[in-house]
Amino acid sequence: QVQLVESGGGLVQPGGSLRLSCAASGRTFSTYAVGWFRQPPGKERGLVATISRSGYGTLYSDSVKGRFTISRDNAVNTVYLQMNSLKPEDTAVYYCGAYSASRIPLLVTKPGDYDLWGQGTQVTVSS
């Protein structure tokens, strides 16, 4: 069973950058598609970006296109989210989720389609 652990969150000023990491245990990580989601206080969890098991396919929410980049390194079982030009509205708890690409052979955006979740990491954008 794959387990996910997020890291890299913190407090950053508007316009700054952070890189989040989602480290996975288990030898089958490369068979999973992975997504980054975020949940602001009092709001529902929503997709930020998702990446295919190979890394060649990606999908972004409109609110982060051109500012955030998702990538993965299957050799070290890690998916990254590079976040640039951060805004106060990016403040949220960020979660990584994963699903088996053999079960769903395309990129999906709904949290309910993801089988595995990490514990989350807080990102706060404030001056």
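Only a predicted model underlies this, so the values are computations on that prediction, with no experimental measurement involved.

Conventions used here
Residues numbered from 1 in each chain as written. Predicted model: local features only at pLDDT ≥ 70, side-chain atom pairs only at ≥ 80, totals over all residues. Heavy atoms only, no water. Helix = DSSP H or I, 4+ residues; strand = E, 2+ residues; numbered from the N terminus. Rg over C-alpha atoms; globule rule 2.2 N^0.38 Å. Buried < 20%, exposed > 50% of the residue type's maximum accessible area, 1.4 Å probe, protein only. Areas by Shrake-Rupley, 256 points an atom, 1.4 Å probe, with all protein chains shown as cover. Polar contact = N/O pair within 3.5 Å; in protein donor to acceptor, adjacent residues only side chain to side chain. Contact = heavy atoms within 4.5 Å. Pairing = 2+ DSSP bridges. Axes fitted to C-alpha atoms, helices over the stretch in contact; angles between N-to-C directions. Disulfide = S-S within 2.5 Å.

A word on the overall build of the protein chain
The number of helices and strands found in the protein chain is zero helices and 11 strands. For the protein chain, the α and β elements follow one another from N to C terminus as β-β-β-β-β-β-β-β-β-β-β. What you see for the protein chain is a C-alpha radius of gyration of 14 Å, in line with the 14 Å of a compact globule of 127 residues. Projected onto the principal axes, the alpha-carbon positions of the protein chain cover approximately 45 × 25 × 25 Å. The buried share of the protein chain, reckoned over its 127 residues, is 45%. Only carbon and sulfur atoms are counted for the fraction: they give 49% of the accessible area of the protein chain, which is about 6,400 Å².

Overview of the environment of Thr28
By secondary structure assignment, the location of Thr28 is in the loop between β3 (18-24) and β4 (32-39). Between the C-alpha atoms of Thr28 and Ala101, which are 73 residues apart in sequence, the distance is 11 Å.

Describing the side chain of Arg38
Topologically, Arg38 is positioned in strand β4. Separated by 2.8 Å, the side chains of Arg38 and Asp90 make a polar contact. Non-local contacts of Arg38, meaning those with residues more than four positions away in its chain, are made with Glu44, Arg45, Gly46, Val48, Ser63, Val64, Phe68, Glu89, Asp90, Ala92, Val93 and Tyr94.

Examining the sheet that holds strand β1 (residues 4-7)
Taking strand neighbours across the sheet as the criterion, the four strands line up as β1-β3-β8-β7 in an open arrangement whose pairing is antiparallel. Pairing within the sheet leaves two strands with one partner each, and these edge strands are β1 and β7 (68-73). Strand-to-strand twist in this sheet, taken as the mean axis angle between neighbours without regard to direction, amounts to 15°. In this sheet, strand β8 (residues 78-83) lies alongside β7 in antiparallel orientation, the contact comprising six bridges. Residue pairing across strands places Phe68 opposite Met83, the latter belonging to β8.

A few points about the state of the cysteines
Applying the stated criterion across every chain yields a total of one disulfide. For Cys22, the disulfide goes to Cys96, at an S-S distance of 2.1 Å. Taking the torsion about the sulfur-sulfur bond, which here is approximately 65°, the covalent link between Cys22 and Cys96 counts as right-handed. Of this pair, Cys22 sits in strand β3 while Cys96 sits in strand β9 (residues 92-100); the two residues are 74 residues apart in sequence, bridging distant segments of the chain. Take Cys22: its relative accessible area is 0%, and that puts it in the buried class.

Without other data, these values stay purely geometric and don't point to any function.
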